[in-house]
There are 2 protein chains.
Amino acid sequence: MFGIMQDWPLLLHRIIDHAAIHHPRREVVTRSVEGPIHRTGYAELRHRALRVAQALRRDGMREGDRIGTLAWSTWRHLEAWFGITGIGAVYHTINPRLFPEQIAWIANHAEDRMLLADLNFVPLLEQLAPRLPTVERYVLLTDAAHMPGTSLRNAIPYEEWIAGCDGDTEWAALDERAASGLCYTSGTTGNPKGVLYSHRSAVIHALVMAQPNGLALGVNDRVMPVAPMFHASAWGLPFVCPMVGAALVLPGARLDGASLHEMMETERVTFAAAVPTIFMTLHQHLEATGGRLSTLKRVMIGGSAVPRAMTESYWRRHGVRLLHGWGMTEMSPLGTLTLAKPEHGVADEEGWLDLSVKQGCPPFTVEIRITDDDGRPLPWDGRTRGRLKVRGPAIARGYFRDEAGWLDAEGFFDTGDIATIDPHGTVEIADRAKDLIKSGGEWISSIELENLAVAHPDVAEAAAIAARHPKWDERPLLLVVPKPGRAPSREDLLRFLEGKVAKWWLPDDVVVVEALPHTATGKVQKTALREQWRDHLLRREAAGGD
Amino acid sequence: MFGIMQDWPLLLHRIIDHAAIHHPRREVVTRSVEGPIHRTGYAELRHRALRVAQALRRDGMREGDRIGTLAWSTWRHLEAWFGITGIGAVYHTINPRLFPEQIAWIANHAEDRMLLADLNFVPLLEQLAPRLPTVERYVLLTDAAHMPGTSLRNAIPYEEWIAGCDGDTEWAALDERAASGLCYTSGTTGNPKGVLYSHRSAVIHALVMAQPNGLALGVNDRVMPVAPMFHASAWGLPFVCPMVGAALVLPGARLDGASLHEMMETERVTFAAAVPTIFMTLHQHLEATGGRLSTLKRVMIGGSAVPRAMTESYWRRHGVRLLHGWGMTEMSPLGTLTLAKPEHGVADEEGWLDLSVKQGCPPFTVEIRITDDDGRPLPWDGRTRGRLKVRGPAIARGYFRDEAGWLDAEGFFDTGDIATIDPHGTVEIADRAKDLIKSGGEWISSIELENLAVAHPDVAEAAAIAARHPKWDERPLLLVVPKPGRAPSREDLLRFLEGKVAKWWLPDDVVVVEALPHTATGKVQKTALREQWRDHLLRREAAGGD
């Protein structure tokens, strides 16, 4: 027997409808790719999204078609998302920082029928276009005045593309399980894999993100998703904000410390979301300039582990709370977030900072477990490490054109992370399974070594990787990037680590490097480092080093 | 094309599973019907709910079966809800304040197979039992020590009923549209109508209720749903609290001012939810005793309009925010809630109080409109009154055994309320459609007259009703209940109202009465008053009154 409640599918266009009606003039502010600050509101944005829907239909786009976007976070990109999903098509965000070959591979795998792109990607696309046979038209996210001459097939400036459309149309009537977005994970091995979100998963994820235990976003917030729209849909914030009537402040292409700081201050940003690298850069800018954060209250940091020193500094100097999040593209992306439960017994600031080093607790709709390699559940004692697996309505069960075989017998998805869970359900990521250092059969956490290393006053960034060792199979090698003007020595750093970890965890060597390679989403490319440094200890031994 | 996300239906048992894992010892505190305070936590509560599931299955209960409850808000009642819905059966809350005939009618209409009841309802049930042929067993919500001798069929104390069950069982695998709860509306005309909730509607409603724009509930809250579990499922709070890890403080059967105040203080309640009458009673208790509210921060008040004077007094004397809500059993029940958007321009406390007189704004998932009698949408200008209609995933599309014909062509449900909506989407309920006073073809709002009357220092409660009039068809008659020890006169009150409303809105007569009749959910029974007082003006005229 079913309940007798209304059939009201959870569809993304209902979010922008709600915002247009109930928060019509709430601002969406963008630092445009062309330069100037652009302002609009949810009512206008919805109307233009309807015009996008008309333009797509006029060009023959149908339900289920993939529309690629190669674009920064701007109001046009957001309008396009709602227009695309509003006709039942699928927005496919492509990370412009990928290698051109990867971009071509992804666009072809997705069989994108159109590509919407920012101006600064035109040269790249002109180079790639001959290899993109499925793309029927290129829409450049600009107006006629800024339109460059281009050889791109059927190229048209966005404003001209929608000029003939009056917005007098209806959204498609869809099943809530209809695909809405496609995002390829920047896999470090093998080909990229496409996560295919549904309207249902995106709406449920937004409802969960906004909760007081979560980001606690409401009608008085002004939210800056620094994480770009091509990074796991800017973590769902483009849906959360119109849902709750928060303003959106979109940084466009300028993600340097000075630009972010200026926009946070002038636009009175209360909440931001970014990977740690961004907030390290911002931190360095604030230190160098004496800048203040006068309206920012909370920041969700995710994508990789957040050093305690950074969390402490933002709190003590700026009164800004860094909430440590963990998730992944496959999770829409929210998995866990810093949450001080009464039983955590956080009595003071130090206690809160200690807690915030961990990745936090999952909200309702995210089920977690840790297992051994045979899939047997492991205890939540805060010490036992296992493979972290997840289950929930906004978590992938497979990938585009590779759907089967990704879940275990009980429907859990293996995140590829190694974690502990404490008795209160607090997750601490020990490492990516493939980044663990296996010394004599025992595991050493690369993340823990890195977190300790960046607490050293001279260290800006650190990476601990497994280097081959004749006796122990693998031993830790620490690579550090010094802060500007500083020159920490190998001995300094080893002394600094002594006593902070078990003796057998101490790196066998420390190398000071100028920079570390990063993935397109800001993570350190451990695979590349391992390839480069794998034989460092062997070479050193051969050369007679200590 | 569907998204490739996990199939994770929104089921109520997932909420208690989450709470048991992530908030296992968060308290559920009850003032038991037997007397003492009882304490449990979500892990224990879930385990006992699983034992209830086993007991139900052992007794032959199946998916879709209705299990009646005639009970106050207690931990056993809550366990029973999760046990019942966990096997796919339907909890059917029966309001014990209804007339015995109504209770029998409802239990028979629902075809309840079992009845779970508090001890104090045993005499009532013994009287009704011969007329309840579908009820196979009566479970009394107590232990063997408190079990009375009774003639009720297969009667058993709850604790004995689950004693043989070890909790080692699985929840049912259900479609999220499965029925979960049944609640009959206390219709003032015609037979009661049963609203049949689904797992999906209840889970979505809970996700929405918790939002920062809504009740803003999280892991540090201690929530007292004074609105009983038989009143629209205690407004969904028994699902919201375990979902977000808030503690539940259940007042059981003692809803008087002194009992509520004591429990709020000793249990450090931060949030409560109740009808205005309850908070008027509490207010009188606090005034009489000089009592303070030292932990309470916010209260959701709904069920009927909240007078500004009460909102102001709670804020100024206790620092407690009364959030004015509007909803109905058919809406699970949340419709709108006080929300100060930036564009409301609330600059100070007076502005906030002015805003809080209105019923507030709908959250995402509640669509609203006002129409004329022909269904044509009316403008949102804050002045134009129309029939308030609603659409959303937690709103009824019909009733149990009366499913069809309740929605308009666009799927909206007519609430029976007359309202204005301002340009910011703020709803103000003018009246129930049937309570409007139609004087010479023009509408007078009974609620507005009542709100003004209770602002008089001598008035505790007021009701304005339509009385027949030879010339104007209907004219307002105001009935007032004085505060203890006060004796306002007809002339006092008319003078007090003068200048506050249009002259033709002034009541034709004011009568001071000892008490007003209330429905089982605390609303003034306008129907009964109309029957009693309908001819008052005609009689007075015949008697030569002015």
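Residue numbers run consecutively from 1 along every chain, following the written order of its sequence. The order in which chains are written sets their letters, starting at A; the order in which ligands are written sets their numbers, starting at 1. Per-residue local features of the predicted model are confined to residues with pLDDT of at least 70, and side-chain atom pairs are confined, for both listing and counting, to 80 or more; whole-chain, interface and lining totals are unaffected and use all residues. In computing side-chain properties, one takes all heavy atoms of the structure into account and sets aside hydrogens as well as water.

Student: Mind showing me how you'd approach the interface of chain B and chain A here?
Tutor: Bring the parts together and some accessible area is lost; that lost area is often taken as the interface size. Contacts between the two partners involve 76 residues from chain B and, on the opposite side, 76 residues from chain A. Once two parts are brought into contact, the accessible area they lose, counted with a 1.4 Å probe and summed over both, makes up the buried area. Each partner contributes to the roughly 5900 Å² buried at the junction of chain B and chain A, and carbon and sulfur atoms together form 62% of this total. Each reported salt bridge corresponds to a side-chain nitrogen of Lys or Arg within 4 Å of a carboxyl oxygen of Asp or Glu. The interface formed by chain B and chain A contains six salt bridges. E343 of chain A is the partner of R26 of chain B in a salt bridge, and the nearest nitrogen-oxygen pair spans 2.8 Å. Under the rule applied, a polar contact is a pair of N or O atoms within 3.5 Å (in protein, one hydrogen donor and one hydrogen acceptor; residues adjacent in sequence only if both atoms are side-chain atoms). Summed over the shared surface of chain B and chain A, the result is 34 residue pairs in polar contact (both at pLDDT 80 or more). In what follows, residue pairs with any heavy atoms lying within 4.5 Å of each other are defined as contacts.

Student: Which parts of the structure should I look at to understand the sheet that holds strand β19 (residues 427-432) of chain B?
Tutor: Each strand in a sheet pairs with another by means of backbone hydrogen bonds, the pair being arranged parallel or else antiparallel. Residue and element names in this part refer to chain B. In this description, strands pair whenever DSSP reports at least two bridges between them. For the purposes of this entry, the term helix denotes a DSSP run of H or I that reaches at least four residues, the term strand denotes a run of E that reaches at least two, and both are numbered from the N terminus. Read across the sheet, four strands follow the order β16-β17-β18-β19 without closing on themselves; strand pairing throughout is antiparallel. Edge positions in the sheet fall to β16 (367-371) and β19, since each has one partner strand and no second. The sheet shows a mean angle of 50° between the axes of neighbouring strands, direction not considered. As paired elements, strand β17 (residues 386-391) and strand β18 (residues 413-421) share four bridges and run antiparallel to each other. Bridge assignment links K389 to a residue of β18, and that residue is D414. Every axis corresponds to a line fitted to the C-alpha atoms, with the helix fit spanning only the stretch in contact, and the corresponding angles, defined between N-to-C directions, vary from 0 to 180 degrees.

Student: Hey, could you run me through helix α4 (residues 100-110) of chain A in this one?
Tutor: Residues and elements named next belong to chain A. Taken residue by residue, α4 has I103, A104, I106, A107 and A110 as its buried positions. Around the axis of α4, the buried residues are gathered within 165° of arc, so they sit on the same side. Next to the buried residues of α4 lie β3 (66-70), β4 (90-93), α5 (122-128) and β8 (179-185). Where α4 terminates, the next one or two residues include E111, which has phi positive at roughly 50°. Note on classification: 1.4 Å probe, protein chains only; a residue is buried when its accessible area is under 20% of the maximum for its type, exposed when over 50%, partly exposed between these limits. What the arc covers is the set of directions going from the helix axis to the C-beta atoms.

Student: Hey, could you run me through the packing of helix α9 (residues 257-266) of chain B against helix α10 (residues 276-289) of chain B in this one?
Tutor: Helix packing for two helices is described by the angle between their axes and how far apart those axes are. Residue and element names in this part refer to chain B. Their axes nearest at 8 Å, the elements α9 and α10 cross at an angle of 80°. Classified by the interaxial angle, the pair formed by α9 and α10 is roughly perpendicular. Residues G257, A258, L260, H261 and M264 of α9 pack against I278, F279, T281, L282, H285 and L286 of α10. Of the residues belonging to the contact of α9 with α10, the class tally is seven nonpolar, four polar and no charged. Roughly parallel here means an angle under 35 degrees, roughly antiparallel means over 145, roughly perpendicular means 65 to 115, and every remaining angle is called oblique. When residues are grouped by polarity, Ala, Val, Leu, Ile, Met, Phe, Trp, Tyr, Cys and Pro land in nonpolar, Asp, Glu, Lys and Arg in charged, and all others, Gly among them, in polar.

Student: Which parts of the structure should I look at to understand the sheet that holds strand β19 (residues 427-432) of chain A?
Tutor: Residue and element names in this part refer to chain A. Strand order in this open sheet of four strands is β16-β17-β18-β19, and the pairing throughout is antiparallel. The sheet is open, and its two edges are formed by β16 (367-371) and β19, each paired on a single side. In this sheet, adjacent strand axes meet at a mean angle of 50° when their direction is disregarded. In this sheet, β19 lies alongside strand β18 (residues 413-421) in antiparallel orientation, the contact comprising five bridges. Pairing of T420 across the sheet is with E428, part of β19.

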